[in-house]
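If you want the building blocks of each chain, they are given just below.
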Amino acid sequence: QACGESPPYGVLCVRIYYRNECLFVEIINARDVIPLDNNGLSDPFVIVEVLPRRMFQCNDQQTHVQKSTLHPIFDECFEFPASYEHLIDDDAMLLFSLYDHDVLTCNDFGGEAFFPLKDVPGVVPRGRSNLGNFHGLKQVELALMFQENTDHPVLHVLSERQGDKLAQDFVKKQKKRFPSC
């Protein structure tokens, strides 16, 4: 993409920090969200998940729906309990999923972004941090991505792993993202 051009599915702006065994996630805004409604706009909201679930026993959290916009302003903050040992794991990450809210049909998937937890400001040895809040912390711009291949070979291989609940849950979640309602 050219300089100054947004990624094809838009950008999500967040601030994240860790303090006192708690992960703080501020969802600031998004820009250039893909239009998923007939009027050329979307009614976007974001779901935040801390992964992998085997390490983090916290519920997903979501923003409020922003009506009729491709440039939603969320300005919402969420907290997730997390230990330092889990945050520095190579597999630990935040998953941001953007959806278009629909009243009569399934919500439409608009893109996702990942952020590795070991890169979170405040994640230093023994969980100590000099950060007190988001003040002065730079926002991070995450490009939204979209897996468009409904017959991706990885999904096929994982769906055949009948005894693997994590694999089955992952495939089920991915298939929900493709319009079928």
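Quick note: structure is the one above.
What this report covers is the structure whose coordinates are included nearby.

Inspection of every chain in the model, using the stated rule, returns five aromatic pairs. Between Tyr9 and Phe146 the ring centres are 5.3 Å apart and the planes differ by 25 degrees, which places this aromatic pair in the stacked class. Of the two residues, Tyr9 is situated in the segment before β1 (11-19) and Phe146 in the loop between β8 (140-143) and α2 (153-159); the sequence distance between them amounts to 137 residues. Look at Phe146 and you get partly exposed, because its relative accessible area is 23%. With 5.5 Å between their ring centres and 65 degrees between their planes, Tyr99 and Phe109 make a pair best called edge-to-face. Within this pair, whereas Tyr99 is found in strand β6 (residues 93-100), its partner Phe109 is found in strand β7 (residues 108-116), the two being separated by ten residues in sequence. Like Phe109, Tyr99 is buried. Three or more aromatic residues joined by ring pairs form one cluster here, namely Tyr9, Phe45, Tyr99, Phe109 and Phe146.

Side chains that are nonpolar tend, in soluble globular proteins, to be buried together. In this structure, Leu23, Ile27, Leu94 and Phe96 are the most contacted members of the largest nonpolar core, which totals 34 residues. For this core, the secondary structure elements donating two or more residues are β1, β2 (22-31), β3 (44-51), β5 (73-81), α1 (84-87), β6 and β7.

By the secondary structure assignment, Thr63 is in the loop between β4 (61-62) and β5. Overall, the relative accessible area of 3% leaves Thr63 in the buried class. A polar atom in the side chain of Thr63 sits 2.9 Å from the backbone nitrogen of Val46. Excluding its chain neighbours within four sequence positions, the residues that come into contact with Thr63 are Ile27, Phe45, Val46, Phe74, Glu76 and Phe78.

Calculation notes
- Residues numbered from 1 in each chain as written.
- Predicted model: local features only at pLDDT ≥ 70, side-chain atom pairs only at ≥ 80, totals over all residues.
- Heavy atoms only, no water.
- Phe/Tyr/Trp six-rings, centres within 6.5 Å; stacked < 30°, edge-to-face > 60°.
- Helix = DSSP H or I, 4+ residues; strand = E, 2+ residues; numbered from the N terminus.
- Buried < 20%, exposed > 50% of the residue type's maximum accessible area, 1.4 Å probe, protein only.
- Core = buried A, V, L, I, M, F, W, Y, C linked by side-chain atoms within 4.5 Å.
- Polar contact = N/O pair within 3.5 Å; in protein donor to acceptor, adjacent residues only side chain to side chain.
- Contact = heavy atoms within 4.5 Å.

So yeah, pure geometry; function would need other evidence.
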